[in-house]
Amino acid sequence: MTAVPAAPAVSHDPTAALELLLGRPLVALTGAGLSTDSGIPDYRGPNSPARAPMTFGEFRSGPAARRRYWARSHVGWSRMRHAVPNAGHHALAALEDAGVLRSVITQNVDGLHGAAGSRDVVDLHGRIDEVVCLDCRAVTARDVLQARLAALNPGFAEAAVAAEAAPDGDAVLDDTDGFVVADCAACGGVLKPHVVFFGENVPRERVERSYGLVEGLAAYGGALLVAGSSLTVMSGLRFVKRACTLDVPVVIVNRGATRGDPLATLRVDAGCSETLVALAAA
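Residues numbered from 1 in each chain as written. Predicted model: local features only at pLDDT ≥ 70, side-chain atom pairs only at ≥ 80, totals over all residues. Heavy atoms only, no water.

Peer 1: Please clarify how the environment of Pro193 should be interpreted in this entry.
Peer 2: Its location among the elements puts Pro193 in strand S9 (residues 191-195). Between the C-alpha atoms of Pro193 and Val139, which are 54 residues apart in sequence, the distance is 9.3 Å. Setting aside residues up to four positions removed in sequence, Pro193 forms contacts with Tyr69, Trp70, Ile128, Glu130, Val131 and Val132. (Helix = DSSP H or I, 4+ residues; strand = E, 2+ residues; numbered from the N terminus. Contact = heavy atoms within 4.5 Å.)

So, in structure tokens, the structure goes:
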């Protein structure tokens, strides 16, 4: 049986992980905390307000729920589509270019890893820049839908300019009455962002590929680097559990405690950008 540490070492020094990680092949598991420096709020950061994201069951419950979702998302996407990678994203891309980082497993849906130049990315929860039809399964670009929604709802996004930005590319709106939702242009079916909602399962092939990446670390003396995730949900925590079972060192970079702390070798309580930049520089 693998011994599980009772508690990790915790440091507030962004360079604290260097001695443990240098010389090892890495796989990164990233969460919303990595993208906050790009202006995208997270769900569970130290200063994040309580939020109740729409579940898949609620989305499928009827037109009223979908109108509420797409109205908020229409406003939020007009801002999120302009988000750019921050120093943390670029540091991970640099580590991949250097042959240190093998892959990124991301819980984020913003596509910023790819925009920063990372090539081997598992988008665990999908991509917000794509839309899927729940009936014919056609996948289209989100910008195409955005143009259709703008034509159906002229001035709606502009009128909501003061709405607070929320995670996953939506916005906080109370009044969504009258918003017109677009159906699939191919079959008239229900459109949904091509992301995994709460209440949905992560596609099996993504989970299996991610497990394989973590298991590969054990064969080559590698380490799992968690950046910006509270690991509250099992979709990410399971890979930390697998690493611990295989005696793969786990370093968590996150502001505040995480659900994976009892399994970690070290937690760096510092910003993702500054810590990843220091690692890339070393």
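Once you've had a look at it, read on.
Peer 1: Can you walk me through unusual backbone geometry in this structure?
Peer 2: For residues other than glycine, phi is negative in most cases, and the peptide bonds are mostly trans. Although it is not a glycine, Arg137 adopts a positive phi angle of roughly 70 degrees. Within the secondary structure, Arg137 is located in the loop between strand S5 (126-133) and strand S6 (139-141). Exposure remark for Arg137: the relative accessible area of 49% places this residue in the partly exposed category. In this structure, Asp247 is a non-glycine residue whose phi angle is positive, near 60 degrees. Among the structural elements, Asp247 can be located in the loop between helix H9 (234-245) and strand S11 (250-253). (Buried < 20%, exposed > 50% of the residue type's maximum accessible area, 1.4 Å probe, protein only.)

Peer 1: I would appreciate a short explanation of the pattern of salt bridges in the present structure.
Peer 2: Pairing is possible between side chains that carry opposite charge, provided their charged atoms lie close to one another. Summed over all chains, the structure comprises 12 salt bridges. For the salt bridge of Arg127 with Asp123, the shortest nitrogen-to-oxygen distance reads 3.9 Å. Exposure remark for Arg127: the relative accessible area of 26% places this residue in the partly exposed category. Each of the salt bridges in this network shares a partner with another, and the network as a whole consists of Asp123, Arg127 and Asp129. (Salt bridge = Lys/Arg side-chain N within 4 Å of Asp/Glu carboxyl O.)

Peer 1: Looking at this model, I keep getting lost on H9. Mind explaining?
Peer 2: In an α-helix, one turn spans 3.6 residues, which is why side chains three or four residues apart end up on the same side. Along its 12 residues, H9 runs 16 Å from first to last C-alpha, staying within 8% of the 16 Å computed at 1.5 Å per residue. Within H9, burial applies to Ser235, Gly236, Leu237, Phe239, Val240, Ala243 and Cys244. In the segment just after H9, Asp247 is the residue with positive phi, at about 60 degrees. (Expected span 1.5 Å × (residues − 1).)

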